[in-house]
Amino acid sequence: MLDGAARTLGRLSTFTTREALPVARSAFGVARDGIDELGIKLLGRDFEERLRRVPIPLGGGGVDPFGLDPSWAKYAIGGAAFFHRFYFRTIVSGIERVPASRVLLIANHSGQIPMDGVIIAASMFLDAEPPRIVRSMVEKWSQTLPFVSTFFSRVGQVVGVPENARRLLELGEAILVFPEGVRGVTKTFAERYKLTDFGLGFMRLALETNTPIVPVAVIGAEEQYVSLGNLHRVAKTLHLPSFPILPQLLLPGGVLPLPTRYRLSFGEPMRFDGDPDDDDAIIEEKVLRVKATIQSMLNRGLKERKSVFW
């Protein structure tokens, strides 16, 4: 009986090494070639050249000090490019104003899911000159999620603590910040394009590191999921920041955001002087200037927009 089992295992081993593995490798190669071909259509043939032009200080493991892996970033940008160029058909203006050195991109936040961050990051890599990999500050709790924490770090996202932000700016990186936080992304349809309170942390960081702030106005995300309200008690029970009422989820394909037309507008860089340890009231005056600038950009963009979808 043992001899029969051994012969069976031997045949299985021979089949695996001589037949199954070559077939699997071939299938993987075909899939990879297909993905790469699709990537060329999405990203353009200059993608690899643009990626090489982004300075990434890689360590021995092929990742940067924060875990960014260029091979992971390549496919993440490919997915973002699909939504940026084909699904939302983003119109980008003023991106040439973004400094090539360290910078804080400060944007309005909306849409129930952070697709606005994905589109800004895609635009900064595909449309900016020179191309940039944007770092976003993610919530600490995301590090407790299996696989998610690894994915975030491999595509360049960093836990949102001041030490990480300062280090990134010292390295000349571009950091994307949504000062509205969860309050912004969970706005209802009736509250669209009305900025909520801004946090003060980004201004203290800008003052401490002498970093310019570029205001960014995002139009289109507010309508991608039409929220009629939030069930706060349900959200609290489920330990979620919100539980939106989204009628479109009842429709076929409603899980996907509506294909609204995104419009990104990058404003003139703003520089601020002062002590980062000043009282909140002093810091808030500076923050309100940034908030007012973004609100003005939103109002102007909405006035010029002819359609939500075109």
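Residues numbered from 1 in each chain as written. Predicted model: local features only at pLDDT ≥ 70, side-chain atom pairs only at ≥ 80, totals over all residues. Heavy atoms only, no water.

Visitor: Any details on the overall build of the protein? Residues and values, ideally.
Guide: Looking only at helices and strands, one finds 10 helices and 7 strands in the protein. Buried residues in the protein amount to 44% of all 310 residues. When contacts within the protein are restricted to residue pairs at least 6 apart in sequence, those whose partners lie at least 24 apart make up 77%. Per element, the accessible surface of the protein, about 17000 Å² overall, is 60% carbon and sulfur. (Helix = DSSP H or I, 4+ residues; strand = E, 2+ residues; numbered from the N terminus. Buried < 20%, exposed > 50% of the residue type's maximum accessible area, 1.4 Å probe, protein only. Contact = heavy atoms within 4.5 Å. Areas by Shrake-Rupley, 256 points an atom, 1.4 Å probe, with all protein chains shown as cover.)

Visitor: Any details on the packing of aromatic side chains? Residues and values, ideally.
Guide: Enumeration according to the criterion identifies 8 aromatic pairs in this entry. Centroid distance Phe82 to Phe86: 6.5 Å. Interplanar angle 25°. Geometry classified as stacked. In this pair, Phe82 and Phe86 are both assigned in helix 3 (residues 70-87), 4 residues apart and thus about one turn of the helix distant. Between Phe198 and Phe202 the ring centres are 6.4 Å apart and the planes differ by 70°, which places this aromatic pair in the edge-to-face class. (Phe/Tyr/Trp six-rings, centres within 6.5 Å; stacked < 30°, edge-to-face > 60°.)

Visitor: Please set out the sheet that holds strand 5 (residues 174-177) residue by residue, giving values where relevant.
Guide: Across the sheet, which stays open at both edges, the 7 strands sit in the order 1-7-6-2-5-3-4 with mixed pairing between neighbours. Every other strand in the sheet has two partners, leaving strand 1 (91-93) and strand 4 (158-159) as the edge strands with one partner each. Where strand 6 (residues 213-219) meets strand 7 (residues 263-266), 4 bridges bridge the pair, whose relative direction is antiparallel. Bridge pairing in strand 7 links Val218 to Leu264. Its contacts with the sheet put helix 8 (residues 201-209) on strand 2 (103-107), strand 5 and strand 6, and the angle it makes with strand 2 is roughly 160°. (Pairing = 2+ DSSP bridges. Axes fitted to C-alpha atoms, helices over the stretch in contact; angles between N-to-C directions.)

Visitor: Account for the pairing of strand 3 (residues 134-138), naming residues and giving values.
Guide: Burial analysis of strand 3 places 4 of its 5 residues in the buried class, which makes it a mostly covered element. Examined bridge by bridge, strand 3 and strand 4 share 2 bridges and lie parallel to one another. Residue pairing in the sheet places Val138 in a bridge with Val159 of strand 4.

Visitor: Explain the nonpolar core to me, using residue names and the numbers behind them.
Guide: Leu104, Ile106, Phe202, Met203, Ile213 and Val290 are the most contacted members of the largest nonpolar core, which has 29 residues in total. Among the elements that line this core, the one with the most residues is helix 10 (residues 280-304), at 6 residues. For Leu104, the contacting residues outside a window of four places in its chain are Ile175, Val177, Phe202, Leu205, Ala206, Thr211, Pro212, Ile213 and Val214. By size, the runner-up hydrophobic cluster in this structure holds 23 residues, among which are Val103, Ile120, Val214 and Phe266. (Core = buried A, V, L, I, M, F, W, Y, C linked by side-chain atoms within 4.5 Å.)

Visitor: Quick rundown of the confidence of the model for the protein? Include the residues and the values.
Guide: Predicted coordinates in regions of low pLDDT should not be interpreted in detail. For the protein, per-residue confidence averages 83 on the pLDDT scale, and residues scoring 70 or more make up 81% of the total. Taken together, the stretch residues 23-28 has pLDDT below 50 and engages in 0 contacts with residues farther than four places along the chain or on a different chain. (pLDDT = per-residue confidence, 0-100.)

Visitor: Now, about unusual backbone geometry: what can you tell me, with residues and values included?
Guide: Cis geometry marks the peptide bond from Glu129 to Pro130; its omega dihedral reads 5°. Relative to the elements of secondary structure, Pro130 occurs in the loop between helix 4 (115-126) and strand 3. Phi at Gln112 takes a positive value of approximately 75°, unusual for a residue other than glycine. By secondary structure assignment, the location of Gln112 is in the loop between strand 2 and helix 4. In this structure, Tyr193 takes a positive phi of about 60° despite not being glycine. Mapped onto the fold, Tyr193 is located in the loop between helix 7 (182-185) and helix 8. Judged by its relative accessible area of 6%, Tyr193 falls in the buried class.

Visitor: Got a sec to walk through the environment of Leu105? Specific residues and values, please.
Guide: Tracing the sequence through the fold places Leu105 in strand 2. Considered as a pair, Leu105 and Val216 are 111 residues apart in the sequence and their alpha carbons are 6.6 Å apart. In this structure Leu105 touches Val98, Ile120, Met124, Val134, Ile175, Leu176, Val177, Val214 and Val216, once residues within four positions along its chain are discounted.

Visitor: Would you mind going over the pattern of salt bridges in detail, with residue names and values included?
Guide: A full pass over the atoms with the stated rule returns 12 salt bridges. Here Lys187 and Glu222 are joined by a salt bridge, their closest N and O atoms 3.8 Å apart. Of the two residues, Lys187 sits in the loop between helix 7 and helix 8 while Glu222 sits in the loop between strand 6 and helix 9 (232-237), which places them 35 residues apart along the sequence. Given a relative accessible area of 6%, Glu222 falls into the buried group. Between Asp280 and Arg204 there is a salt bridge, with the nearest N and O atoms lying 2.5 Å from each other. Placement of the pair is Asp280 in helix 10 and Arg204 in helix 8, with a sequence separation of 76 residues. A relative accessible area of 47% means that Asp280 is categorised as partly exposed. (Salt bridge = Lys/Arg side-chain N within 4 Å of Asp/Glu carboxyl O.)

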